[in-house]
Amino acid sequence: MTNETSAPAIRPMTGADLEAVHGLSVEVRWPHRADDWRLMLEIGHGLVACDEAGEVMGSAMWWPFGDGLATIGMVIVSPQRQAKGTGRRLMRELFAAAGGRTLRLTATQAGRRLYESEGFRVTGGLVQYHGTADAAAAVEDARVRPATEADWPGIVALDREASGGDRGRMLDALRRVGDIAVLEEGGRIAGFAVCRAFGRGHLVGPIVAADGAAAVALASPHVRAHAGTFLRLDTTERDGPLAAFAQACGLANVDEPVTMTRGPAPETGPARIYAVTSQALG
C-alpha cells in the first residue's frame, strides 16, 4: 500500500514529462497545449513533484532573464494531491535555483496567499481579454510593418528597456513560432508586437511600445490576420487605449489576476510592456 503521508520527490522537468504536466494543466482547466509547455521548457527550467509510484503530481517553472530578473509560473499541484505543502516546496526549490534574482509572477486568487507568505508583494495587475476577434476597430498606421532580420537588435534592445531584463532567448523562440510587427519611427524600432498560436487560438503578446496608441497600432495587424477566430490578449492596462481596443474588437474581460514581485524592481526605460507574452512568462 502507498504511504499517503510520504513527501513527494522533486526532480528536474524533462521533455519526457511534457505529457504528464500538460495533463496537470488540463486537470485545473488551464488552456495550455502540449506545444505551449514545450516552448516554455525550451526557454526555461522546470521541476516536477512525483509520488512514490513516480507519477507526476505537481509542476513549477522559472525563466531567467539575465542575472538580475526571472519569472516563475506553471505552479500546479493536482487538486487530488493538495494540502501537503507540495506547492510551497516547489516554490522554494525555484527560489534556490534563481539565486539572488528579482522574481516576478502572475497570481491567481487561490495562490496569492502562498506567494505573499513567501515575500512577494502586489506590484500591478493584468486584464485577460479573449474571444472571437472582430477587425472593425483595427487601425492603419504607416509606421507599422512586418519585422525583418535587420530589426532584431532593435527589438531585443527595446524589450530590455521595457522589461529590465535580458529576454533574448525568449524572443528568439517566439520569432520561430510567431509573427512580429514593428513600429519604426525616425529610423529606429520604437515598438513591436508578437502573435503566436497559444491555447484555444492565438495570443497577441508581448506588445512593447512607448504609449497606448502605438500599442493599438501594433496589435491591429494581428487582429486583422485572425479576425473571426479565437484571440487572446493579456494587457497591463485596466483602462486606456489598448483595453478599449480589445473590447472594441469583441474580446471579453474574463480575468484580472495580480502581478507580484519578490526583490527590488529592475530599472526600466520609457518603453513599456503593454501586453505580456503569457501570464507565466510575463
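Up top you'll find the structure we're talking about.
Not measured: the values here are computed from a predicted model.

Caption draft 1: Just the packing of helix 5 (residues 152-163) against helix 6 (residues 168-177), in detail. Two elements in contact, helix 5 and helix 6, have axes whose closest approach is 10 Å; the angle formed by their N-to-C orientations is 130°. What the angle tells us is that helix 5 and helix 6 run oblique. Considering the relative orientation of helix 5 and helix 6, their crossing is right-handed. Contacts from W152, V156 and D159 in helix 5 reach L171, D172 and R175 in helix 6. A breakdown of the residues in the contact of helix 5 with helix 6 according to their chemical character gives three nonpolar, no polar and three charged.

Caption draft 2: Representation of helix 3 (residues 86-98). Taking 1.5 Å of rise per residue, 13 residues should cover 18 Å, and helix 3 covers 19 Å from first to last C-alpha, within 8% of that figure. Buried residues of helix 3: T86, G87, L90, M91, L94, F95 and A98, and no others. G99 sits one or two residues past helix 3 and shows a positive phi near 65°.

Caption draft 3: Local environment of helix 8 (residues 241-248). Restricting attention to buried positions, one finds in helix 8 the residues L242, A243, F245 and A246. Looking down the long axis of helix 8, one finds its buried residues gathered within 160° of arc, a one-sided arrangement. In this fold, the buried residues of helix 8 make contact with strand 7 (127-132), strand 11 (201-209), helix 7 (212-225), strand 12 (230-235) and strand 15 (272-275). Downstream of helix 8 by a residue or two, G250 has a phi angle that is positive, lying close to 85°.

Conventions adopted
All residue numbers refer to position in the chain's written sequence, counted from 1. A pLDDT threshold of at least 70 governs which residues receive local features in this predicted model, and a stricter bar of 80 or more applies before side-chain atom pairs are shown or counted, although totals over entire chains, interfaces and linings include all residues. For the side-chain quantities, the full set of heavy atoms in the structure was used; hydrogens and water were omitted. Simply put, an axis is a line fit to the C-alpha atoms, just over the touching stretch for a helix, and the angle between two N-to-C directions goes from 0 to 180 degrees. The helix and strand labels rest on DSSP assignments: H or I over at least four residues marks a helix, E over at least two residues marks a strand, and numbering proceeds from the N terminus. Convention used here: angles under 35 degrees read as roughly parallel, angles over 145 as roughly antiparallel, angles from 65 to 115 as roughly perpendicular, and any remaining angle as oblique. For a crossing to be left-handed, the near helix must be turned anticlockwise from the far one by less than a right angle; the clockwise case is right-handed. Any two residues whose heavy atoms approach within 4.5 Å at even a single point are treated as in contact. As a working rule, the residues Ala, Val, Leu, Ile, Met, Phe, Trp, Tyr, Cys and Pro are called nonpolar, Asp, Glu, Lys and Arg charged, and the rest polar, with Gly in that last group. Any helix carries an expected span of 1.5 Å times its number of residues minus one. Burial classification: accessible surface area is computed with a 1.4 Å probe over protein chains only, and a residue below 20% of its type maximum counts as buried, one above 50% as exposed, and the rest as partly exposed. In this description, one arc is meant: the one made by directions from the helix axis to the C-beta atoms.

These results come straight from atomic positions and should not be treated as a statement about function.
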